[in-house]
Amino acid sequence: MLHWMRYFAGKAAQSVRQSVVMQLVAVTTIAVAVLVLAGLLTVLRNVDRVAAQWAHDARLIAFLADDVPPAELAAAADAARGWPGVVDVDTRTRAEARAELAAALGPDGALLESVDPAVVPASLELAVAADHADAAGRRALADRLRALPGIGAVDEVTYGADLLERLRGLRDLLRVGGLVVGLLVALAVVFIVSNTIRLALFARREELEIMQLVGATDGFIRAPCYLEGAFQGVAGGLLALALLTGLLRVLREEGGAALGVAVGGVPVEGLPPGLMAALVGGAGLVAVLASHLAATRFLRGERWD
Amino acid sequence: MLQMFHVTKQYTRDARALDDVSLRLEKGDFAFLAGPSGAGKSTLLKLLFAAETPTKGQIMVGGHNIHRIQRSSIPFLRRNIGVVFQDFKLLNRRTVYDNVAFSLEVLGARPRDIRLRVTRMLRLVGLGDKMHLSPGRLSGGEQQRVAIARALVNEPQILLADEPTGNLDPELTFEIMRLLQDANTRGTTVLVATHDPEVMRTFRKRVVTLKAGRVVDDTG
Ligand SMILES: Nc1ncnc2c1ncn2[C@@H]1O[C@H](COP(=O)(O)OP(=O)(O)OP(=O)(O)O)[C@@H](O)[C@H]1O
Ligand SMILES: [Mg+2]
């Protein structure tokens, strides 16, 4: 069994050596194709993370009409804490709100002295869970807040609420795009691998015909093709990931600040190891499938003249 | 060992390469397949090693009906049949040794067995000292000896030769024919297509003559 494997590996290696340039072209093309997909997945992943972060930051603030006594405010907060979708509840008395605003204004805080205290109301602030942070979820929570005693007005303060919606739209678009690109990449890999292997088989056709003449089974001829295909797919996939990793590093180091702003302060993240392994494995698998197609086509064309 | 019953082969609708051919070779037989160019000699041999399928009729090789043979079983049939061609069909980018080792590699033989048997076979055909040359550097007769070594190294029960001496001068022709005869003496059933009357005169064996796809004479 072992010498068979060694034999097949030898044949595959020989085929690779016989056409180094073609192999390089194939591996590079596969790498570019996989890189496009991996890049898209990276963008998708980061958009996802930013969206999640923003959704997590979504808040609802209820401004209290009158100066509600602290006890009542605390009771309202306790009630809200029990609602589904509410992660946290914060309360601010009018004095606290005023102090906070003053701190935010810094040296200009003195301006507040001349302002009517009613402009800075007491408030109740809900941190909303990501799965309740869409428009409908926020509306439902706002309605519940309004039903509480002493609530004057409810403001949806979601940091970048419509940006978030748009980000989600973009994410959905990217998901569809990823699917399409994934399919295209698979097709490209099939095309490249099946053609290089067909050419390689064609270059070796004399040898293969003689192998068939002396009783080689189809499987015996196919096995090295599978290895060659797997090699191309895996090498292409690994090269793509290496390129992507390098690219991300450069981005982080060179354009780190600008990029950080672009993604809302969330550091850009690479792909998780599992997904990377799946990409490489997928490329290998698709390539093996392609070599199967190529070998089948070749074997069907057997001729003796 | 080899049997054909009323075999017809048509490559095209209007012409029959073989027409109602029946033929029987017993184990250990040696026969020539004679006839002019286009008579159907090569076609008959191709049918026997399942490179072509008959249009009509039955073919038995070593007890198996190869008309109903599965594509996947053809390799196993061929392991029992050595084939030699006029143009040798050797790989010039490989050594003589590699060319012969091929027959055993595809069987999944162990490297050590391959080494032993290939070396022995090449000595038998008188090429013990040229194992590591490219066949392209050998004379025609030597190249055909390599091809014969390749055909015989896994000890097939049947040896088919399609004008094995067609490219060789008379002296080499007899050398090659003697190798085929030796194989026959060791028990291999041999069928040789030739249109060289000199060969058939020298080696007095059964002669099956084809003409326009029909058997017109059979001295057996
Ligand atoms: N692949 C093919 N397709 C169509 N016709 C073919 C094919 N092979 C052979 N033929 C025809 O079948 C007939 C028999 O050919 P075959 O090669 O068997 O003759 P042969 O006796 O071997 O001739 P030669 O002595 O020239 O080798 C010829 O008329 C030939 O043209
Ligand atoms: Mg012929």
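Because the structure is predicted, anything quoted here is derived from the model rather than measured.

Attention now goes to the overall build of chain A. Within chain A, the regular secondary structure consists of 10 helices and 4 strands. The helix and strand sequence of chain A, counted from the amino end, reads α-α-β-α-β-α-β-α-β-α-α-α-α-α. Counting the 305 residues in chain A, one finds 42% classified as buried. When the accessible area of chain A is evaluated, it comes to approximately 15,600 Å², of which 67% is carbon and sulfur surface.

Before going further, it helps to spend a moment on helix α10 (residues 273-300) of chain A. Compared with the 40 Å implied by 1.5 Å per residue over 28 residues, the 40 Å span of α10 of chain A between its first and last C-alpha is a close match. Buried residues of α10 of chain A: L279, V280, A283, G284, A287, A290, S291, A294, A295, T296, F298 and L299 of chain A, and no others.

All names here are of chain B. Reading across from one edge, β2-β1-β4-β5 is the order of the 4 strands in this open sheet, with antiparallel pairing throughout. A strand with exactly one partner marks an edge of an open sheet, and here the two such strands are β2 (18-25) and β5 (64-65). Strands β1 (2-9), β2 and β4 (56-61) of the sheet are contacted by helix α1 (residues 41-48), whose axis makes an angle of about 120° with β1.

This paragraph deals with the nonpolar core. Residues and elements named next belong to chain A. In terms of nonpolar packing, the biggest core is built from 43 residues, with V193, L201, M211 and F220 touching the most fellow members. Going through the elements one at a time, α1 (2-18), α2 (20-57), α6 (161-203), α7 (205-213), α8 (218-254) and α10 are the ones with two or more residues in this core. With 9 residues, α10 is the largest single contributor of residues to this core. Setting aside anything within four residues of it in sequence, one finds V193 in contact with I30, G229, Q232, A287, A290 and S291.

We now examine the interface of chain A and chain B. Each partner contributes to the interface: chain A provides 23 residues, whereas chain B provides 26 residues. Of the roughly 2,200 Å² buried between chain A and chain B on both sides combined, carbon and sulfur atoms contribute 55%. One can count 2 salt bridges joining chain A with chain B. Counting across the chain A and chain B interface gives 5 residue pairs in polar contact (both at pLDDT 80 or more). Elements that contribute at least two residues to the side of chain A that touches chain B include exactly α1, α7 and α8 of chain A.

A few words on the site of ligand 1. All names here are of chain B. Residues in contact with ligand 1, as listed here, are Y11, A17, P36, S37, G38, A39, G40, K41, S42, T43, E163 and H195. In this structure, an oxygen atom belonging to ligand 1 sits 3.2 Å away from a main-chain N or O atom of A39. Here E163 contributes a side-chain N or O atom positioned 3.1 Å from an oxygen atom of ligand 1. For ligand 1, whose unbound accessible area comes to 630 Å², protein coverage reaches 61%. When its residues are assigned to classes, the shell around ligand 1 shows 4 nonpolar, 6 polar and 2 charged.

Residue and element names in this part refer to chain A. Locating V190 in the fold gives a position in helix α6. Sequence-wise, V190 and P70 are 120 residues apart; in three dimensions their C-alpha atoms are separated by 69 Å. Look past the residues within four positions of V190 in its chain and what remains in contact with it is V286, A290 and L293.

With that out of the way, let us pick up unusual backbone geometry. Residue and element names in this part refer to chain B. A positive phi is found at D20, a non-glycine position, where the angle reads about 55°. One non-glycine residue with positive phi stands out, namely F88, at about 65°. Note on placement: F88 falls in the loop between β6 (81-85) and α3 (96-105).

What follows concerns the packing of α3 of chain B against helix α5 (residues 140-152) of chain B. Residues and elements named next belong to chain B. Put simply, α3 and α5 touch, their axes get as near as 7 Å, and they point 25° apart. By the criterion of interaxial angle, the relationship of α3 to α5 is roughly parallel. Every pair of crossing elements has a handedness; the one defined by α3 and α5 is right-handed. Two secondary-structure elements touch here, α3 through V96, N99, V100 and S103 and α5 through V146, A149 and R150.

Turning next to the confidence of the model for chain B. Residue and element names in this part refer to chain B. Here chain B shows a mean pLDDT of 93. Residues at 70 or above account for 100%. Looking across chain B, the model is least confident in β5, with a mean pLDDT of 88, and most confident in strand β8 (residues 189-193), with 97. Here the predicted complex carries an ipTM of 0.90, next to a pTM of 0.74.

What follows covers the pattern of salt bridges. The tally for this structure, following the rule as stated, stands at 17 salt bridges over all chains. The salt bridge involving R16 of chain B is made with D19 of chain B; its shortest N-O contact spans 3.1 Å. By relative accessible area, which is 15% here, D19 of chain B ends up buried. One salt-bridge network, in which partners are shared between bridges, spans D48, R171, D172 and R175 of chain A.

To continue, consider the side chain of D19 of chain B. Following the sequence through the fold, D19 of chain B ends up in strand β2. A polar side-chain atom of D19 of chain B sits 3.1 Å from a polar atom in the side chain of R16 of chain B.

With that out of the way, let us pick up the environment of A212 of chain B. Residues and elements named next belong to chain B. In this structure, A212 sits in the loop between β9 (206-211) and β10 (214-218). Judged by its relative accessible area of 59%, A212 is exposed. Along the backbone, A212 and D19 are 193 residues apart, and their C-alpha atoms lie at a distance of 8.0 Å. Ignoring sequence-local partners within four residues, the contact set of A212 consists of R16 and A39.

Moving on, we get to a nonpolar patch on the surface. Residues and elements named next belong to chain A. Among the surface-exposed residues, V176, L179, V180, L184 and L187 lie close enough to one another that they form a single nonpolar patch of about 510 Å² accessible area. Position of V180 among the secondary structure elements: in helix α6. Judged by its relative accessible area of 45%, V180 is partly exposed.

Residue and element names in this part refer to chain B. As summarised here, the arrangement of the 6 strands in space is β6-β7-β8-β3-β9-β10, forming an open sheet in which the pairing is mixed. In this open sheet, the two strands that pair with only one neighbour each are β6 and β10. On average, adjacent strands in this sheet sit at an angle of 20° to one another, irrespective of strand direction. One ladder, built from 4 bridges, connects β9 with β10; its direction is antiparallel. Note on β10: the bridge partner recorded for V208 is D218. Sitting on the sheet, helix α6 (residues 170-185) touches β3 (30-34), β7 (158-162) and β8, and the angle it makes with β3 is about 135°.

Basis of the calculations
Residues numbered from 1 in each chain as written. Chains lettered and ligands numbered in written order. Predicted model: local features only at pLDDT ≥ 70, side-chain atom pairs only at ≥ 80, totals over all residues. Heavy atoms only, no water. Helix = DSSP H or I, 4+ residues; strand = E, 2+ residues; numbered from the N terminus. Buried < 20%, exposed > 50% of the residue type's maximum accessible area, 1.4 Å probe, protein only. Areas by Shrake-Rupley, 256 points an atom, 1.4 Å probe, with all protein chains shown as cover. Expected span 1.5 Å × (residues − 1). Pairing = 2+ DSSP bridges. Contact = heavy atoms within 4.5 Å. Axes fitted to C-alpha atoms, helices over the stretch in contact; angles between N-to-C directions. Core = buried A, V, L, I, M, F, W, Y, C linked by side-chain atoms within 4.5 Å. Buried area = accessible area lost by both parts, 1.4 Å probe. Salt bridge = Lys/Arg side-chain N within 4 Å of Asp/Glu carboxyl O. Polar contact = N/O pair within 3.5 Å; in protein donor to acceptor, adjacent residues only side chain to side chain. Near = heavy atom within 4 Å. Nonpolar A, V, L, I, M, F, W, Y, C, P; charged D, E, K, R; others polar. Parallel < 35°, antiparallel > 145°, perpendicular 65-115°, else oblique. Left-handed = near helix turned anticlockwise from the far one by under 90°. pLDDT = per-residue confidence, 0-100. Patch = residues over 30% accessible without salt bridge, like charges linked within 9 Å, V, L, I, M, F, W, Y side chains within 5 Å.

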